[in-house]
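Notes for the structure review
Letter by letter, the chains look like this.
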There are 2 protein chains.
Amino acid sequence: MTLSEENYLKSIYSLQREHRKGVSTNVLSKYLDAKPASATEMIKKLDEKGLVRYQPYQGVLLNESGEISALKIVRKHRLWETFLAQKLDFSWDEIHDVAEQLEHIKSDKLIQQLDKFLGYPKYDPHGDPIPDENGHVIKMEKKRVSQLQPGDTGSCIGVNDTSSSFLQFLDQQNIRLGSVIQIVNFQDFDKSMTVRIEDRELILSQIATENIYVRI
Amino acid sequence: MTLSEENYLKSIYSLQREHRKGVSTNVLSKYLDAKPASATEMIKKLDEKGLVRYQPYQGVLLNESGEISALKIVRKHRLWETFLAQKLDFSWDEIHDVAEQLEHIKSDKLIQQLDKFLGYPKYDPHGDPIPDENGHVIKMEKKRVSQLQPGDTGSCIGVNDTSSSFLQFLDQQNIRLGSVIQIVNFQDFDKSMTVRIEDRELILSQIATENIYVRI
DNA sequence: TATATTTTTTAGGTTTGCCTAAACTTTATT
DNA sequence: AATAAAGTTTAGGCAAACCTAAAAAATATA
Ligand SMILES: [Mn+2]
Ligand SMILES: [Mn+2]
Ligand SMILES: [Mn+2]
Ligand SMILES: [Mn+2]
């Protein structure tokens, strides 16, 4: 499998949660920073290889073997992120881009030994579960901060937006994995929320509250 | 710089020691398992980019900026080899192919932190010196076993042939970095040598003695 | 020195992955 | 239901990195 095929599979995997009837070429190409025509081409190729189900104009979904392949790449990505954060002192926002490259290194032994070296971690530094060797992932019961009510409390287990600027913002505000977030109140006019984090109150925009995941 | 450009630069770096007047397209293409026509194309491209000096029919040599680039890749390759051997329990012969992929990962911070994590190693698992951040390499006074006389003793510091089959052979014979090798005698008819390694005597072929480096 | 052999380059193709622009299909609006 | 808008596919190109086969240059041999 080529680097590009792997990136498409992984993207379809990420997108099909929220696009149950099919990931459109538009959505997919935007996610990958490419043009819709390029997505169509690649999708057709993956379809011919038996990794996805594709009906013209109806979007694309992984089939079983496509999902197995995608999960292998997700596993590698998350193990490398864990390595970068735990062993090489990379910060939350620096790990993603490098893991994006490392996930494509081909060596079964490498990933097996890396897993062992890290002590078989269950979650990556963003709080996302790491698939095991057989592609089994822990399903998490996670909510967005935006779905909580005033008075509710949750602990941060991950993010949706993994952009550097967002992760840096969280770092600056001292919001990290495990941080306990309590909703103080909700402003209707702009959907922002006042939250309490470790004795400190701050206002999070709608965009922010929609991109932070918590477990209650 | 593309992956392919990096591989060509690194190959020219390795070959120009023994091809002082210029690395021919024939030699270069054979080393890279490609066709001479492909080497010519890439050399012209590297020349246009100002990384090598190339005169048609006269072979190619790195210029200063080409050598700096090549040394960066060599540094990455050897640091990754050290990581694989020391931290992930890869054996001597397994590390090369994976490092061949890892050396192309682009991140200054990654290589800096990896160096730190490994404790700023000076030599890789094959005994080759690791260039520092500024591209400075320790010049080693190394001899091939084949250059020794009966009675001479040396300690193994590296190999020339890095093929799996050779490294596996060395593993089987318990020849590793630091092994003390004493020449017992020399057979003129086939240039083989009887050597003593830790109380054990064995016969090494000419090919073998030419591919093991020692420090006296 | 003339000829043969080897080496190197050039010319023309192929594959992968990307693009733009035009054509087509689906969905939304009147 | 007809038309407009939006989304998708197709057609035709391009760049990188490889290839084969033919032409050209360098080197070896007679
Ligand atoms: Mn990737
Ligand atoms: Mn992650
Ligand atoms: Mn390489
Ligand atoms: Mn090495």
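Further up the page is the structure itself.
These numbers come from a predicted model, not from an experiment.

**Here's the deal with the protein's contact with DNA strand D**
In the vicinity of DNA strand D there are 21 residues, among which Asn26 and Tyr54 of chain A together with Thr2, Ser38 and Lys45 of chain B approach most closely. Backbone atoms, meaning sugar and phosphate, form 77% of the atoms of DNA strand D found within 4 Å of the protein. Take Lys44 of chain A: an N or O atom from its side chain is 2.8 Å from a phosphate oxygen of DNA strand D. With five residues, helix α3 (residues 36-48) of chain B is the single largest residue contributor to the surface near DNA strand D. In terms of residue class, the surface near DNA strand D is made up of 10 nonpolar, seven polar and four charged.

**A closer look at the sheet that holds strand β6 (residues 193-197) of chain A**
Residue and element names in this part refer to chain A. The antiparallel open sheet is built from six strands, whose spatial order is β3-β8-β4-β5-β6-β7. The sheet is open, and its two borders are formed by β3 (143-144) and β7 (200-204), each paired with just one other strand. As judged from the five bridges shared by β6 and β7, these two strands associate in the antiparallel manner. For Thr194, the partnering residue across the bridge sits in β7 and is Ile203. Contacting β4 (153-159), β7 and β8 (212-215), helix α7 (residues 164-172) crosses the sheet at an angle of about 145 degrees to β4.

**Focus: the relation of the copies chain A and chain B**
By a simple turn and slide, chain A fits onto chain B: the slide is 0.0 Å along the axis, the RMSD is 0.3 Å, and the turn is 180 degrees. Taken together, the turn and the small shift mark the pair as related by a two-fold rotation axis. Across chain A, the rotation axis passes nearest the C-alpha of Leu102 of chain A, at a separation of 3.8 Å. The share of interface residues of chain A whose copies in chain B are also at the interface is 100%, consistent with both copies meeting through the same surface.

**Looking at the coordination of the manganese ion (ligand 2)**
Residues and elements named next belong to chain A. Within the protein, the manganese ion (ligand 2) binds to Glu81 (OE), Asp124 (OD) and His126 (ND1); these donor distances fall in the range 2.0 to 2.3 Å. Going along the chain, you hit the donors of the manganese ion (ligand 2) in the pattern E-x42-D-x1-H. Taken together, the residues Glu81 in helix α4 (residues 64-86) and His126 in the loop between α6 (108-117) and β3 connect sequence positions 45 residues apart. For Glu81, a relative accessible area of 1% corresponds to the buried category.

Here is what the cut-offs are and how they apply
- Residues numbered from 1 in each chain as written.
- Chains lettered and ligands numbered in written order.
- Predicted model: local features only at pLDDT ≥ 70, side-chain atom pairs only at ≥ 80, totals over all residues.
- Heavy atoms only, no water.
- Near = heavy atom within 4 Å.
- Polar contact = N/O pair within 3.5 Å; in protein donor to acceptor, adjacent residues only side chain to side chain.
- Helix = DSSP H or I, 4+ residues; strand = E, 2+ residues; numbered from the N terminus.
- Nonpolar A, V, L, I, M, F, W, Y, C, P; charged D, E, K, R; others polar.
- Pairing = 2+ DSSP bridges.
- Contact = heavy atoms within 4.5 Å.
- Axes fitted to C-alpha atoms, helices over the stretch in contact; angles between N-to-C directions.
- Least-squares fit on C-alpha atoms with pLDDT ≥ 70 in both.
- Donors = N, O, S within 2.8 Å, 3.2 Å for Na, K, Ca; no water.
- Buried < 20%, exposed > 50% of the residue type's maximum accessible area, 1.4 Å probe, protein only.

Don't take any of this as a statement about function, it's just geometry.
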